[in-house]
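Summary of the model geometry
This is what each chain is made of:
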Amino acid sequence: MTSLQKPEIAIVGGGPAGLSAALSAVRQGAEVMLIDRDPALGGQLVKQTHMFFGSRKEYAAIRGIDIPGKLMAALEEEGPEKFKPLLDTTVLGYYDDGVILADKEEEQAMLIKPQKTIIATGAAEKMLPFPGNDLPGVYGAGAVQTLMNVYGIKPGTRVLMIGAGNIGLIVSYQLLQAGVEVAAIIEGAPKIGGYLVHATKARRAGIPIKTSHTIKEAYGKDSVEGALICSLDENWCAIPGSDLDMKVDVICLAVGLTPQTELLWQAGCEQKYIPELGGYVPLRNEKMQTSLPDLYVAGDVACIEEAGSAMVEGKIAGLYAAADLGYAEKVEERYTSYYRELEELRAGPTGAKIRQGLSRLNGGV
Ligand SMILES: Cc1cc2nc3c(=O)[nH]c(=O)nc-3n(C[C@H](O)[C@H](O)[C@H](O)COP(=O)(O)OP(=O)(O)OC[C@H]3O[C@@H](n4cnc5c(N)ncnc54)[C@H](O)[C@@H]3O)c2cc1C
């Protein structure tokens, strides 16, 4: 074990939320250690080759893969002495006294005692229970994207996509771009969950989208050789005689994400189950401060949403973690502008679910 490190602020997770939190805190004047288990910063962004939706202030219409570089360049401009990234380093524990246990590949485990900690660990993919879901060839959409867009490896030749939310639609289109056939996108709900623009693009490229459909089983000897799908009635029950056999070698699950809150449970943060926000999420105030005064959150770990809102939440968490250490310049003014931006991102029908979830988190019904 190496000696105890004592940064002013430690941020766990270097996705859009963590990177924005780092930039915001460094701009206030604080010193930040940013820890990520991956070899590069950016979180989900490192595999998002498409132009982002969201707010122009948060890099909408720029490809996801180009956003981390912009945030890093801004951090470098602030002066490298205030910012210490620790890559290939997994945070394994958060103890009562605020000490973090981090494990860096091929090095001794580290103990870190920051004055303030921001957890921005993002989300994990949800799984579906069906016979054969443990066969090689059944992937989460994130794994398929990592294979294709980070390592340049095709996951297979013909894919059945489960889930017509934005992730299912976008990854289907990216599969086509990589030269992989997409047999169909199936969706249990009676309507497509993702944005129309992504659905239209997939349809125009010839991918059928079958709503009110689900997977019954995957089959194959050593790996996936096909799947049985069926239609669902209005009670989500399989319609007898509607089975369809699809010959595919990959089944890709894009059925939702859930916040990665393990470190928050270890820390003893109060959490509440809010389905609209993706599962158990931490209680927090307008500063993104949890029930523990030295612990803040931002991004998908706090609410499954989008990179735009993850970045704004990161700015708020970084601002207040720094302000609570005494770096208090223009805090109200900056907070007001970030808060307005969050409101804009969550306005309209697409933000209704998030607004409802946040209201329930804060005691509404
Ligand atoms: C296919 C797809 C398309 C998308 N398209 C868009 C879009 O067009 N527009 C948009 O706004 N959003 C989009 N999103 C959503 C967006 O990518 C996420 O909302 C955003 O990345 C969340 O940011 P985050 O920083 O909270 O989490 P992440 O980006 O998931 O980052 C979390 C980071 O934490 C690290 N980490 C986790 N646990 C630990 C640990 N214990 N120790 C150390 N490090 C840890 C991870 O390695 C990761 O780098 C898309 C998502 C997907 C999957």
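Residues numbered from 1 in each chain as written. Predicted model: local features only at pLDDT ≥ 70, side-chain atom pairs only at ≥ 80, totals over all residues. Heavy atoms only, no water.

**Section: helix H5 (residues 196-204)**
Buried within H5 are the following residues: His198, Ala199 and Ala202. Projected onto a plane normal to the axis of H5, the buried residues spread over an arc of 100 degrees and lie on a single side. For H5, exposure combined with an orientation more than 90 degrees from the buried face picks out Leu196, Val197 and Arg204. For H5, the secondary structure elements touched by its buried residues are helix H4 (166-177), strand E11 (181-187) and strand E12 (209-211). Backbone geometry just after H5 places glycine 206 at a positive phi near 95 degrees. (Buried < 20%, exposed > 50% of the residue type's maximum accessible area, 1.4 Å probe, protein only. Helix = DSSP H or I, 4+ residues; strand = E, 2+ residues; numbered from the N terminus. Arc of directions from axis to C-beta. Contact = heavy atoms within 4.5 Å.)

**Overview of the site of the ligand**
Near the ligand lie 34 residues; those nearest to it are Asp36, Gln44, Phe53, Asp300 and Ala307. In this structure, glutamine 44 approaches the ligand through a main-chain N or O atom, which is 2.9 Å from an oxygen atom. Elements supplying a minimum of two residues to the shell around the ligand: helix H1 (16-28), strand E4 (89-94), H4 and helix H7 (307-323). Of the residues contributing to the shell around the ligand, the split by class is 13 nonpolar, 15 polar and six charged. Of the residues that make up the shell around the ligand, three or more belong to each of domain 1 (9-124 + 257-361) and domain 2 (138-253). (Near = heavy atom within 4 Å. Polar contact = N/O pair within 3.5 Å; in protein donor to acceptor, adjacent residues only side chain to side chain. Nonpolar A, V, L, I, M, F, W, Y, C, P; charged D, E, K, R; others polar. Domains from an automatic or database assignment.)

**So, the packing of aromatic side chains**
Per the stated rule, a full pass over the model turns up four aromatic pairs. Between tyrosine 320 and tyrosine 335, the aromatic rings sit 5.6 Å apart at their centres with planes inclined by 65 degrees, giving edge-to-face as the arrangement. With tyrosine 320 in helix H7 and tyrosine 335 in helix H8 (residues 331-345), this residue pair connects regions lying 15 residues apart in the sequence. A relative accessible area of 8% means that tyrosine 320 is categorised as buried. (Phe/Tyr/Trp six-rings, centres within 6.5 Å; stacked < 30°, edge-to-face > 60°.)

**Considerations on the pairing of strand E3 (residues 83-86)**
With four bridges connecting them, strand E2 (residues 32-35) and E3 associate as parallel partners. Across the sheet, leucine 34 pairs through a bridge with proline 85, a residue of E3. Handedness of the crossover joining E2 and E3 through helix H2 (residues 67-77) is recorded here as right-handed. (Pairing = 2+ DSSP bridges. Right-handed = clockwise from strand over helix to strand, strands pointing away.)

**Some details on the sheet that holds strand E13 (residues 213-219)**
On the basis of which strands lie adjacent, the open sheet formed by three strands has the order E13-E14-E15 and antiparallel pairing. With one partner strand each, in any of the chains shown, E13 and strand E15 (244-246) form the two edges of the open sheet. Taking each pair of neighbouring strands and ignoring which way they run, the sheet shows an average axis angle of 30 degrees. With three bridges connecting them, strand E14 (residues 226-231) and E15 associate as antiparallel partners. Bridge pairing in E15 places alanine 227 opposite methionine 246. (Axes fitted to C-alpha atoms, helices over the stretch in contact; angles between N-to-C directions.)

**A word on the nonpolar core**
Of all hydrophobic cores here, the largest spans 61 residues; its most connected members are Ile9, Ile11, Val32, Phe83, Ile118, Ile119 and Tyr320. No other element matches the eleven residues that H7 contributes to this core. (Core = buried A, V, L, I, M, F, W, Y, C linked by side-chain atoms within 4.5 Å.)

**Quick notes on the domain arrangement of the protein chain**
Segmentation of the protein chain into domains returns domain 1 (9-124 + 257-361) and domain 2 (138-253). Taken residue by residue, the interface counts nine residues in domain 1 and eleven residues in domain 2. Taking both sides of the interface into account, the surface hidden between domain 1 and domain 2 amounts to around 820 Å²; carbon and sulfur atoms contribute 56%. Across the contact surface, domain 1 and domain 2 share six residue pairs in polar contact (both at pLDDT 80 or more). (Buried area = accessible area lost by both parts, 1.4 Å probe.)

**Observations regarding the pattern of salt bridges**
All told, the structure shown has eleven salt bridges when counted by the stated rule. Between glutamate 276 and arginine 360 there is a salt bridge, with the nearest N and O atoms lying 3.0 Å from each other. Pair noted here: glutamate 276 is in the loop between strand E18 (271-274) and strand E19 (279-282) and arginine 360 is in helix H9 (residues 352-361), with a separation of 84 residues, a long-range link. For glutamate 276, a relative accessible area of 13% corresponds to the buried category. The closest approach of N and O atoms between lysine 315 and glutamate 341, which form a salt bridge, is 4.0 Å. Here the residue lysine 315 occupies a position in helix H7, and glutamate 341 occupies one in helix H8, the gap between them amounting to 26 residues. Pair check on accessibility: lysine 315 and glutamate 341 agree, each one buried. Shared partners join several salt bridges into a network, and the residues in it are Glu305, Glu313 and Arg346. (Salt bridge = Lys/Arg side-chain N within 4 Å of Asp/Glu carboxyl O.)

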